[in-house]
Amino acid sequence: MAATFIYQPASATDLPPSSSRIFHNLSLRFLSPRFSTNASLHKPFPLRGSISHSSVLLHSPSLSLSHNSSSSESSLILIRHGESLWNEKNLFTGCCDVPLTKRGVEEAIEAGNRISYIPVDVIFTSALIRAQMTAMLAMTQHRQKKVPIIIHDESEQATTWTRVFSEKTTEQSIPVITAWQLNERMYGELQGLNKQETAERYGKEKVYEWRRSYDIPPPKGESLEMCSQRAVAYFKDFIEPQLKSGKHVMVAAHGNSLRSIIMYLDRLTSQEVTDLELSTGIPLLYIYKEGKFTSRGSPVGPTEAGVYAYTQSLAVYRQQFDELSH
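The protein is annotated in an unreviewed UniProt entry as phosphoglycerate mutase (2,3-diphosphoglycerate-dependent) from Crotalaria pallida. The protein has a UniProt comment under Sequence similarities (unreviewed entry) that states "Belongs to the phosphoglycerate mutase family. BPG-dependent PGAM subfamily."

Given below as structure tokens:
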């Protein structure tokens, strides 16, 4: 019998029509047998409202934080992908799909160590391999020991062929949602060019303007403002509802898509966001509570007690892990 996580719609008005169309066929491929044995219920579940998980278990039975409470708090982890092969070569990467270097793999694993005691219920990544690799490698270090599974909903066949038929496996898994809206800024005609050579060709001031201004795009590319419009809209429509429902979320994405989201979370100005630098493979932690986001910086590692003193829930969550390990 198939076991499936399903995104249950809360109401028909929670999401704008455009967002509903984007995710119309989204369903996590683990259909819970407790819903029904009727085969018609094993079809992809269309999104008509806000994204919120059903009551299918997303935490370890013995390790969980309270969910679906107006007073509950949620963790949001943001991670810029580890170093890519084109980062190493000093090339404009943009939306080109380039994997991590050995150093990038190590950065992703270290990021996982830093967040190993912070709960994760669902993961969002871009459609690009370097972000997906970072998320997957980070989760290999997590104390939950759950397996991240990328959700394939690009066709009915993909939905059917990637279905999981074990409730036990379902309970030991974390869904990974990929979205092009979280992709890196598209650099247009700069993609694949060496940054130093490009500066020599067009002039350092012009290239700096393309890279660091808020609203000036490179030739046939996106400005940070354009990138922000898609990334923040996606965050509001699909990620924020998860946090509001009490779920703990990790987002593995890119320098510019994450800067855009941080601009929204921290209410930065267009000038402040252009000055914001994000290092590869360094996680940032936010706490969502009562409709507000609070930045908690970057966890140094599982031995840093201060990270888990930020909130009582995180402290209890870590204590539960520690008790199980003794």
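On we go from here.
Draft legend 1. Representation of the packing of helix α7 (residues 195-202) against helix α8 (residues 204-212) in the model. Across the interface, α7 lies against α8 with an axial gap of 6 Å and an inter-helix angle of 120°. One element, α7, and the other, α8, form an angle in the oblique class. Residues Lys195, Thr198, Ala199 and Tyr202 of α7 pack against Lys204, Lys206, Val207, Trp210 and Arg211 of α8. Taken together, the residues that form the contact of α7 with α8 break down as four nonpolar, one polar and four charged.

Draft legend 2. Expanded view of the UniProt feature "site: Transition state stabilizer" (unreviewed entry) in the protein. Under the UniProt annotation, "site: Transition state stabilizer" (unreviewed entry) lies at His254. Among residues more than four places away in sequence, those in contact with His254 are Arg80, His81, Ser126, Leu128, Arg130, Ala131, Leu182, Asn183, Glu184 and Arg259. In terms of polar contacts, His254 uses its side chain to reach the side chain of Ser126, at 2.7 Å.

Draft legend 3. Expanded view of the packing of helix α9 (residues 224-244) against helix α10 (residues 255-266). Closest axis-to-axis distance for the α9/α10 pair is 8 Å, and the angle between their directions is 65°. In this view, α9 runs roughly perpendicular relative to α10, as classed from their interaxial angle. Between α9 and α10 the crossing geometry is right-handed. Side by side, α9 and α10 meet where Leu224, Cys227, Ser228, Ala231, Val232, Phe235, Lys236 and Glu240 of the first sit next to Asn256, Ser257, Arg259, Ser260, Ile261, Tyr264 and Leu265 of the second.

Draft legend 4. Inspection of the nonpolar core at higher detail. If you look at the biggest cluster of nonpolar residues, it comprises 24 residues, and the most contacted ones within it are Leu76, Phe124, Leu182, Ile239 and Val251. When residues of this core are traced back to their parent elements, those giving at least two are β3 (73-80), β4 (122-125), α9, β7 (249-253), α10 and β8 (283-289). Here this core gets five residues from one element, more than from any other, and that element is α9. Grouped together as the second largest cluster of nonpolar side chains are 15 residues, Ile77, Ile79, Ile123 and Ala252 included.

Draft legend 5. Representation of the sheet that holds β7 in the model. Pairing is mixed in the open sheet, where seven strands are placed in the order β5-β6-β4-β7-β3-β8-β9. At either margin of the open sheet sits one strand with a lone partner, and together these are β5 (147-150) and β9 (292-295). Averaged over all pairs of adjacent strands, the angle between strand axes in this sheet comes to 25°, irrespective of strand direction. Relative to β7, β3 runs parallel, the two sharing five bridges. When the sheet's bridge partners are listed, Leu78 is paired in β7 with Val251. Seen against the sheet, α9 touches β3, β4, β6 (173-178), β7, β8 and β9 and runs at an angle of roughly 165° to β4.

Draft legend 6. Representation of the side chain of Ser260. Mapped onto the fold, Ser260 is located in helix α10. On the basis of relative accessibility, which here comes to 1%, the residue Ser260 falls in the buried class. Of note is the side chain of Ser260, whose polar atom sits 2.8 Å from the backbone oxygen of Asn256. Setting aside residues up to four positions removed in sequence, Ser260 forms contacts with Leu224, Cys227, Ser228, Ala231 and Val232.

Draft legend 7. Structural context of the environment of Glu88. Mapped onto the elements, Glu88 comes out in helix α2 (residues 85-88). For Glu88, a relative accessible area of 52% puts it in the exposed group. It is 7.6 Å that separates the C-alpha atoms of Glu88 and Thr101, two residues lying 13 residues apart in sequence. When residues no more than four places from it in sequence are discounted, the contact partners of Glu88 are Glu83 and Thr101.

Draft legend 8. Here's a closer look at the pattern of salt bridges. Applying the stated rule across the entire model yields eight salt bridges. Residue Glu73 is joined to Lys289 by a salt bridge in which the shortest nitrogen-to-oxygen separation is 4.0 Å. Of this pair, Glu73 sits in strand β3 while Lys289 is found in strand β8, placing the two residues 216 residues apart along the sequence. For Glu73, a relative accessible area of 12% translates into the label buried. Judged by relative accessible area, Lys289 falls into the partly exposed class, the value being 36%. When the shortest N-O distance is used, the salt bridge between Glu110 and Arg114 registers 3.7 Å. Of this pair, Glu110 and Arg114 both sit in helix α3 (residues 102-114), separated by four residues, roughly a single helical turn. What makes Glu110 partly exposed here is its relative accessible area of 36%. You can call Arg114 buried: its relative accessible area is 19%. In this structure, a network of salt bridges that share partners links the residues Glu83, Arg103 and Glu107.

Definitions and limits used
- Residues numbered from 1 in each chain as written.
- Predicted model: local features only at pLDDT ≥ 70, side-chain atom pairs only at ≥ 80, totals over all residues.
- Heavy atoms only, no water.
- UniProt positions renumbered as here; feature names shortened; annotations may be inferred.
- Axes fitted to C-alpha atoms, helices over the stretch in contact; angles between N-to-C directions.
- Helix = DSSP H or I, 4+ residues; strand = E, 2+ residues; numbered from the N terminus.
- Parallel < 35°, antiparallel > 145°, perpendicular 65-115°, else oblique.
- Contact = heavy atoms within 4.5 Å.
- Nonpolar A, V, L, I, M, F, W, Y, C, P; charged D, E, K, R; others polar.
- Polar contact = N/O pair within 3.5 Å; in protein donor to acceptor, adjacent residues only side chain to side chain.
- Left-handed = near helix turned anticlockwise from the far one by under 90°.
- Core = buried A, V, L, I, M, F, W, Y, C linked by side-chain atoms within 4.5 Å.
- Buried < 20%, exposed > 50% of the residue type's maximum accessible area, 1.4 Å probe, protein only.
- Pairing = 2+ DSSP bridges.
- Salt bridge = Lys/Arg side-chain N within 4 Å of Asp/Glu carboxyl O.

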